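# Breakdown of the fold
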Amino acid sequence: PHLPTAQKGSRDTPFISLHWLPVEACIRFKEEEESLRDKIRADHERALQEAKEKLRKSKEELKAEIQTEKTKVAEDLKKKDGPKPLPPVPMPKLVGVNDGDPGDPDNKEKRDKIREMMKHAWDSYRQYGWGHNEVKPIAKKGHSTNIFEVSVFEVNIRFIGGLLAAYYLSGQEVFKVKAVQLAEKLLPAFNTPTGIPWAMVNLKTGVGRNWGWASAGSSILAEFGTLHMEFVHLTYLTGNPAYYQKVMHIRKLLAKMDRPNGLYPNYLNPRTGRWGQHHTSVGGLGDSFYEYLLKAWLMSDKTDTEARKTYDDAIEAIERHLIRKSNGGLTFIGEWKNGHLERKMGHLTCFAGGMFALGADGSPDDKAGHYLQLGAEIAHTCHESYDRTVLKLGPEAFKFDSGLEAVAVRQNEKYYILRPEVIETYWYMWRFTHDPKYRQWGWEAVQAIDKYCRVSGGFSGVKDVYSSNPTYDDVQQSFFLAETLKYLYLLFSSDELLPLENWVFNTEAHPLPVLHLGNITLPGSETQR
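Residues numbered from 1 in each chain as written. Predicted model: local features only at pLDDT ≥ 70, side-chain atom pairs only at ≥ 80, totals over all residues. Heavy atoms only, no water.

So, on to the packing of aromatic side chains. If you walk through the whole model with that rule in mind, you get 23 aromatic pairs. On the basis of an interplanar angle of 85° and a centroid distance of 5.6 Å, the ring pair of Phe231 and Tyr243 is categorised as edge-to-face. With Phe231 in helix 7 (residues 228-238) and Tyr243 in helix 8 (residues 242-256), the pair connects residues that are twelve residues apart, well separated along the chain. With a relative accessible area of 0%, Phe231 lands in the buried category. (Phe/Tyr/Trp six-rings, centres within 6.5 Å; stacked < 30°, edge-to-face > 60°. Helix = DSSP H or I, 4+ residues; strand = E, 2+ residues; numbered from the N terminus. Buried < 20%, exposed > 50% of the residue type's maximum accessible area, 1.4 Å probe, protein only.)

Shown next as structure tokens:
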């Protein structure tokens, strides 16, 4: 069982409050905590030593070692009877898995163009990058990141989310089985004193660790707060309550903690249960935590009212402290850093326009119209960030001060890496308003991407959207296929394709069906259910 967490209201409270326990229990708790910390230290030392030994080897030796390991795993699997069969569960009713023909020829032609772009991106990956995370479309070879440890967050939203969506859309058991096998490998990441998972885990050893740059070894809000959708579906499909319990433990821990100005800081130390530096963002490091609160409510057929209340309270604080209007009348979402509002908005933050629209229905105090309007204002601001560049593609981040509005200032913020968030917001705004400008803005993005990012080996990000002759970064990001092109395709499809009443998209745009929990029994007690 997880150890007691820090008491609400004080960052200086010791991790364990023992004044209410008998002496023997105090001693036992202290011994158990110290034992757990010793194990974590020993695991990390062992992992560090293993990494050092690996780094002494040549690339060829490492490749040979990996191939040997793969062969051994394959042979071991043959010897076993195979994975334990999963319990049969009713397949949620799948609505809107159809063509989604938009009807008029003009939009059908545009959708066909997007389909052609998807085929070019996918065929290039198949030809040049098969077996790797992504393709380098100019070098025409595979592109993979660190081979020693994986990101719990990225594996969950990209791989597990993708496999679960593939299972629901196809009905093929192999996708479900693979999702569960991979999810089991992530569970050791939760073996921390607080139950807040490590950012990374070694899939072979189960040893976890955090990013070195993240506020004194903290875990990141957007990472440990973006597991709920997939983990609830894993519990539903497997009957194993562990997944559901892990994410509900995170929610309960956060509910007990003090929040400065009602805001959630981006960093939380998994050893101590205390916040790291007080930096709050609706963009990178924070974004999908808020998204998954809303989507937990939607995915539960609007029965998870605790998630909805937590979302509403968080958005109220964000509106009060982070959302402002520029001198030129553009609504933007800044970042809170140690009591100061930085008047800068990231491309990642642009997803929030769609989130506000998606959460408008069900808002407290009859504020549905207000949040739909707020979504429209964010969509407009983000479109301006595209429109004010030479390439008509948006920069990574843009400022609202010193007379500059919706424009990147630093060179290292002028790049576009095929990101989807602006188009995601266009799609949600289209679904809820049917204002034709959202399709117009989406088509502008299609034309710009096809003109400036398309190369013979796929699509590449560009390093400067303000240059008429930009250089490429030579990476075709996997989210370009999963999100950017998918949202564009849906933008030019009818609303009958994957209707939002029946499907909730995870943060990597993988559609998961709403679970009508009145007809479903999750494992555990009545209270847990």
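There is more to say after this.
A word on the sheet that holds strand 13 (residues 344-346). Strand pairing in a sheet relies on backbone hydrogen bonds, with the paired strands running either antiparallel or parallel. Spatially, three strands are ordered 13-14-15 in an open sheet, and the strand pairing comes out antiparallel. Of all strands in the sheet, those bounded by a partner on one side alone are strand 13 and strand 15 (404-407). Pairwise comparison of adjacent strand axes, ignoring direction, gives a mean angle of 15° for this sheet. Relative to strand 14 (residues 397-401), helix 12 (residues 368-387) is tilted by about 105°, and along the sheet it contacts strand 13, strand 14 and strand 15. (Pairing = 2+ DSSP bridges. Axes fitted to C-alpha atoms, helices over the stretch in contact; angles between N-to-C directions. Contact = heavy atoms within 4.5 Å.)

A word on unusual backbone geometry. Glycine aside, residues mostly have negative phi, and peptide bonds are mostly found in the trans state. The backbone phi angle of Lys140 is positive, close to 55°, even though this residue is not glycine. Locating Lys140 in the fold gives a position in the loop between strand 1 (134-136) and strand 2 (141-143). For Lys140, a relative accessible area of 33% puts it in the partly exposed group. The backbone phi angle of Asp365 is positive, close to 60°, even though this residue is not glycine. With respect to the helices and strands, the residue Asp365 is situated in the loop between helix 11 (352-358) and helix 12. Given a relative accessible area of 68%, Asp365 falls into the exposed group.

Summed over the entire model, instances satisfying the criterion amount to 30 salt bridges. Measuring nitrogen to oxygen at the nearest pair gives 3.1 Å for the salt bridge that ties Lys113 to Glu116. Taken together, the residues span about one helical turn, with Lys113 and Glu116 both in helix 3 (residues 105-129) at a distance of three residues. For Glu116, a relative accessible area of 32% corresponds to the partly exposed category. Linking Arg251 and Glu306 is a salt bridge whose minimum nitrogen-to-oxygen distance equals 2.8 Å. Of the two residues, Arg251 sits in helix 8 while Glu306 sits in helix 10 (residues 305-321), which places them 55 residues apart along the sequence. Judged by its relative accessible area of 10%, Arg251 falls in the buried class. A residue is classified by how much of its surface remains accessible, and Glu306, at 40% relative accessible area, is partly exposed. (Salt bridge = Lys/Arg side-chain N within 4 Å of Asp/Glu carboxyl O.)

A few words now on helix 12. Along its 20 residues, helix 12 runs 29 Å from first to last C-alpha, staying within 8% of the 28 Å computed at 1.5 Å per residue. Listed as buried for helix 12 are Tyr371, Leu374, Gly375, Ala376, Ile378, Ala379, Thr381, Cys382, His383, Glu384, Ser385 and Tyr386. (Expected span 1.5 Å × (residues − 1).)

Another aspect to go through is the UniProt feature "binding site: Ca(2+)" (unreviewed entry) in the protein chain. With numbering matched to this structure, UniProt assigns "binding site: Ca(2+)" (unreviewed entry) to Thr507. The residue Thr507 is located in the loop between strand 18 (503-505) and strand 19 (511-513) in this model. On the basis of relative accessible area, Thr507 is assigned to the buried category, the value being 15%. Residues within four places of Thr507 in sequence aside, it is in contact with Ile157, Thr226, Ser288, Glu291, Tyr292 and Glu483. Within polar-contact distance, the side chain of Thr507 engages the side chain of Glu291 at 2.8 Å. (UniProt positions renumbered as here; feature names shortened; annotations may be inferred. Polar contact = N/O pair within 3.5 Å; in protein donor to acceptor, adjacent residues only side chain to side chain.)

With four of its five residues buried, strand 14 lies for the most part within the structure. Pairing between strand 14 and strand 15: three bridges, direction antiparallel. Looking at the pairing, Lys399 lines up with Val407 of strand 15. Counting the residues between successive antiparallel strands, the hairpin from strand 14 to strand 15 contains two residues, one of them, Ser402, with a positive phi of roughly 55°.

Across the sheet, three strands lie side by side as 3-4-5; this open sheet has antiparallel pairing. Pairing within the sheet leaves two strands with one partner each, and these edge strands are strand 3 (150-151) and strand 5 (208-209). Here strand 4 (residues 200-201) pairs with strand 5 via two bridges, running antiparallel. Counterpart to Met200 in the pairing with strand 5 is Arg209.

Another aspect to go through is empty space enclosed by the protein. Applying the stated rule across the entire model yields five cavities of 30 Å³ or more. Counted as a void, the second largest cavity has a volume near 60 Å³. In this structure, the second largest cavity is lined by Val152, Phe153, Pro197, Trp198, Ala199, Ser219, Ile220, Glu223, Phe224 and Leu227. Listing elements by their share of the lining of the second largest cavity, those giving two or more residues are helix 4 (152-170), strand 6 (219-220) and helix 6 (221-224). The residue makeup of the lining of the second largest cavity, split by class, is eight nonpolar, one polar and one charged. (1 Å grid on protein atoms, 1.4 Å probe; cavity = no way out; pocket = protein on both sides within 12 Å on 5 of 7 lines; lining within 4 Å. Points joined across faces, edges and corners; volume = space filled by probe spheres on them. Nonpolar A, V, L, I, M, F, W, Y, C, P; charged D, E, K, R; others polar.)

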